[in-house]
Amino acid sequence: GASQSDLSQYVDILSGTYSMIDSSSGSLLPFVGRPWGMNNWAIQTNNYAGARASPLTHWWFHPHDREFYGIRCTHQASPWIYDYGEFLLTPSVGPLKWTFPDKASAYNRSSATFHPYEINITLESYCTHNEADGGCTSAAVTATERAAMIKLRFPPLDKTSGWDQTRHLRVLVGRDMAAVT
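Now for a quick tour of the structure. (Residues numbered from 1 in each chain as written. Predicted model: local features only at pLDDT ≥ 70, side-chain atom pairs only at ≥ 80, totals over all residues. Heavy atoms only, no water.)

### Concerning the environment of L89
Right, so step 1: Turning to its location among the elements, L89 is positioned in strand 4 (residues 87–93).
Right, so step 2: The buried category is assigned to L89, whose relative accessible area is 11%.
Right, so step 3: Note: C-alpha distance between L89 and V173 (84 residues apart in sequence) is 8.9 Å.
Right, so step 4: Filtering out sequence-adjacent residues up to four positions away, L89 remains in contact with W41, G70, I71, I150, L169, R170 and V171. (Helix = DSSP H or I, 4+ residues; strand = E, 2+ residues; numbered from the N terminus. Buried < 20%, exposed > 50% of the residue type's maximum accessible area, 1.4 Å probe, protein only. Contact = heavy atoms within 4.5 Å.)

Here it is, written out as structure tokens:
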């Protein structure tokens with residue numbers, strides 16, 4: 001049986017996230033956070049947040065989306081409320097891309113883990129080898145009281161590939177998602 005000391009295994013942070021502006025099914029976001037923490041963290045799976053003056057700007061996650069735009073620091077309690085002080089961390093490999101949706105990567109939903117204490121995903125657009133062999137970029141986030149611990153794992157360099165394998169971590173800040181690299 002399951003250990004009673006690990007009750008977090010019963011929490012599904014994707015519950016209630018199947019919402020759109022025209023059809024709400026909980027209006028929740030899949031947060032990783034600490035009780036009374038300063039920030040919450042989630043992955044952004046669509047470009048609605050980059051659509052200035054759009055009513056969709058706060059609908060930046062949907063569980064059926066298959067694109068990863070970054071790890072988002074948020075203070076937004078629900079998609080019905082505007083965010084403030086938000087920023088997006090976007091890891092990538094290769095030439096730096098400047099516009100949405102070019103900055104996005106496909107992510108492997110079947111191997112992604114969503115827990116109240118951690119989100120861990122594999123970025124399929126940045127693979128040099130098989131995912132099972134560690135040949136893909138992965139991103140994981142867990143919250144701390146005031147910030148987060150983020151672990152990025154990039155595939156080993158393959159000097160024979162001829163592919164630009166420069167690693168990037170870009171910080172996109174505010175509603176306009178202006179880049180600080």
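Still to come is the rest of the account.
### Let's talk about the packing of aromatic side chains
Right, so step 1: One pass over the structure, following the stated rule, counts two aromatic pairs.
Right, so step 2: Ring centres 5.8 Å apart and planes at 80° place the aromatic pair W41 and F87 in the edge-to-face group. Taken together, the positions of W41 in strand 1 (residues 40–44) and F87 in strand 4 put the pair 46 residues apart, joining distant regions of the chain.
Right, so step 3: By relative accessible area, which is 4% here, W41 ends up buried. (Phe/Tyr/Trp six-rings, centres within 6.5 Å; stacked < 30°, edge-to-face > 60°.)

### Describing the pattern of salt bridges
Right, so step 1: Taken as a whole and judged by the stated rule, the model has one salt bridge.
Right, so step 2: Residue R72 pairs with D83 through a salt bridge whose shortest N-O separation is 3.2 Å. Of this pair, R72 sits in strand 3 (residues 70–74) while D83 sits in the loop between strand 3 and strand 4, placing them eleven residues apart in sequence. For the pair R72 and D83, a shared accessibility class is recorded, and that class is buried. (Salt bridge = Lys/Arg side-chain N within 4 Å of Asp/Glu carboxyl O.)

### A look at the pairing of strand 3
Right, so step 1: Counting buried positions along strand 3 yields five of five residues, so the element is predominantly enclosed.
Right, so step 2: Across five bridges, strand 1 lies against strand 3 in antiparallel orientation. Looking across to strand 3, one finds that A42 is bridged to R72.
Right, so step 3: Alignment of strand 3 against strand 4, held across three bridges, turns out to be antiparallel. Counted as the bridge partner of I71 is L89 from strand 4. (Pairing = 2+ DSSP bridges.)

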